[in-house]
Amino acid sequence: MADRVTVIGWDGSPLTAAGRAALSAATLVAGAAHHLTLPEVPPAAERVRLGSVDLAARRIAAHRGTAVVLADGDPGFFGVVRTLRAPEHGLEVEVVPAVSAVAAAFARAGMPWEDARTVVAHQRTLRRAVNVCRAHPKVAVLTSPGAGPAELALLLDGVHRTFVVCEELGTTRERVSVLTSDRAADHAWRDPNVVLVIGGGATGTTPAAPWLTGHSTTALPVRGWGLPTEEYGPAAPGRDRPGTGEDPSLRAAQLARLGPRPGDLVWDIGCAGGAFSVEAARFGAAVIAVDADPAACARTEQAARRHGALLQTVPGRAPHVLERLPEPDVVRIAAGGVPVVTACTDRRPERIVAHASTRDEAEAVGAALADGGYEVESLLLQTVGLDPGDWSERERCVVFLLSGRRIERSP
């Protein structure tokens, strides 16, 4: 096997002394086409075009001599080092890093980036990368052919963001473009490129100094979930108290069963005052909140701003309004009954939760979930609020919770 494998990062600037020394001693050099034409590559060295990193690693493992792998940016950051260090290849790896493409892109934009999320967009992960862009105000997207700026823009339909598109960083063909997301689909972009997706966050505030990468510090420091509904704003006009579907204990049980997480898209159908939508967004998921009442959508947006959460509201009556929404990962149904449940099962999200006030309603919803190919759990939840002074009952909520877990269909 190779005596030594040195991975050299390249950002367009001259190689460091360590990089030049390793490259001059190489008997095998692997890299992209533009790497293999560098003048520092020894003429006698075997050259391997880096397409599949796994196949290249096997070539390197079988090579007798000194191998060098050239890679753009920092090869330890979403780069080739992870594959080369896989146990099946048995390679000892030394890394000479360069400035990562993400760091270079933010430098070109003149922006700090410790609070940014970084995602990799391939055709198989593009939808999840877009959901991260929906949910966070600052995201760096490492793109690939077929999953570039135009595709990101098309899937962000209805969500306004600013794109900073950095093409061929570190080369003589480098180009940086700033434009709104709705215009990005009209351009032909050169590979490789990095897209900074910016916007949707709080304005007019000075963010605190971050202490954890990838997390914004502008949101209010709220701890926990299943918080009292009043935390998210006043009840709807004409109502003294929240409805049964807005009970905090029910909301906590629904969140526990759905498990929203970064990369997910949550549908909240019947968002009311936005408590569920905001709490799902605080888990890092993208959220589309739907309600037939435009005032409910407005209250949800206000609650999201109050808690520093990003989400999208769509006024309209389900199930018809759902037809034009992107594919969900998990769904909470608070309005619409069996027709909405059936429409959601047709879209095949991984999990669905709903509630009912009577047994007949619960049986109908459970049957609709089962008929749609879901394993059904049905619970009767009862919560009683007590006055801690005299332990007298203040309020009581009794509700059926229905949850469905998708049954995978045989191919």
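Rules and cut-offs
Residues numbered from 1 in each chain as written. Predicted model: local features only at pLDDT ≥ 70, side-chain atom pairs only at ≥ 80, totals over all residues. Heavy atoms only, no water. Phe/Tyr/Trp six-rings, centres within 6.5 Å; stacked < 30°, edge-to-face > 60°. Buried < 20%, exposed > 50% of the residue type's maximum accessible area, 1.4 Å probe, protein only. Helix = DSSP H or I, 4+ residues; strand = E, 2+ residues; numbered from the N terminus. Contact = heavy atoms within 4.5 Å. Salt bridge = Lys/Arg side-chain N within 4 Å of Asp/Glu carboxyl O. Disulfide = S-S within 2.5 Å. Axes fitted to C-alpha atoms, helices over the stretch in contact; angles between N-to-C directions. Parallel < 35°, antiparallel > 145°, perpendicular 65-115°, else oblique. Left-handed = near helix turned anticlockwise from the far one by under 90°. Nonpolar A, V, L, I, M, F, W, Y, C, P; charged D, E, K, R; others polar.

Participant: Before we go on, may I ask you to explain the packing of aromatic side chains in this structure?
Facilitator: The description of two aromatic rings rests on the distance between their centres and on the angle between their planes. Under the counting rule described, the total for this entry stands at 3 aromatic pairs. Relative to Phe78, the ring of Phe77 has its centre 5.0 Å away and its plane inclined at 80°; by these criteria the two rings are edge-to-face. The class of Phe77 is partly exposed, set by a relative accessible area of 29%. For Phe78, a relative accessible area of 52% corresponds to the exposed category. When the ring of Trp225 is compared with that of Phe283, the centres are 5.4 Å apart and the planes differ by 65°; the resulting orientation is edge-to-face. Placement of Trp225 in the loop between strand E10 (193-198) and helix H9 (248-258) and of Phe283 in the loop between helix H10 (275-282) and strand E12 (286-291) is noted, with a sequence separation of 58 residues between them.

Participant: Help me out: how do you make sense of the environment of Ala309 in this one?
Facilitator: Relative to the helices and strands, Ala309 is located in the loop between helix H11 (294-306) and strand E13 (312-315). For Ala309, a relative accessible area of 13% corresponds to the buried category. The sequence separation of Ala309 and Ser392 amounts to 83 residues, and the corresponding C-alpha distance is 36 Å. Those residues in contact with Ala309 that lie beyond four places of it in its chain are Val278, Ala281 and Ala304.

Participant: Honestly, the pattern of salt bridges in this entry has me stumped. Any pointers?
Facilitator: One pass over the structure, following the stated rule, counts 18 salt bridges. A salt bridge links Arg127 to Asp329, with the nearest nitrogen and oxygen atoms 2.7 Å apart. With Arg127 in helix H6 (residues 126-135) and Asp329 in the loop between E13 and strand E14 (330-333), this residue pair connects regions lying 202 residues apart in the sequence. Residues Glu408 and Arg406 are paired through a salt bridge, measuring 3.0 Å at the closest nitrogen-oxygen approach. What you see here is one network of salt bridges that share partners, running through Arg127, Arg128, Arg261, Asp264 and Asp329.

Participant: Honestly, the state of the cysteines in this entry has me stumped. Any pointers?
Facilitator: Disulfide: a covalent bond connecting the sulfur atoms of a pair of cysteines. If you walk through the whole model with that rule in mind, you get 0 disulfides. Its sulfur unpaired, Cys133 is 14 Å from the next cysteine sulfur, which belongs to Cys166. Classification of Cys133 by relative accessible area gives buried; the value is 0%. Cys344 forms no disulfide, and the closest cysteine sulfur to it belongs to Cys271, at a distance of 14 Å.

Participant: Any chance you could explain the side chain of His136 here in plain terms?
Facilitator: Along the chain, His136 falls in the loop between H6 and strand E7 (138-142). Setting aside residues up to four positions removed in sequence, His136 forms contacts with Arg117, Arg161, Gly199, Gly284 and Leu310.

Participant: What is the right way to read the packing of H9 against H10 from this model?
Facilitator: The angle between the axes and the distance between the axes are what describe a pair of packed helices. Running from amino to carboxyl end, H9 crosses H10 at an angle of 40°, the nearest separation of the two axes being 11 Å. The pairing of H9 with H10 is recorded here as oblique in orientation. Seen from above, H9 lies across H10 with right-handed handedness. Across the interface between the two elements, Arg251, Gln254, Leu255 and Leu258 from H9 touch Ala275, Phe276, Glu279 and Ala280 from H10. Looking at the contact of H9 with H10 residue by residue, the classes come out as 5 nonpolar, 1 polar and 2 charged.

Just geometry here; none of it tells us what the structure is for.
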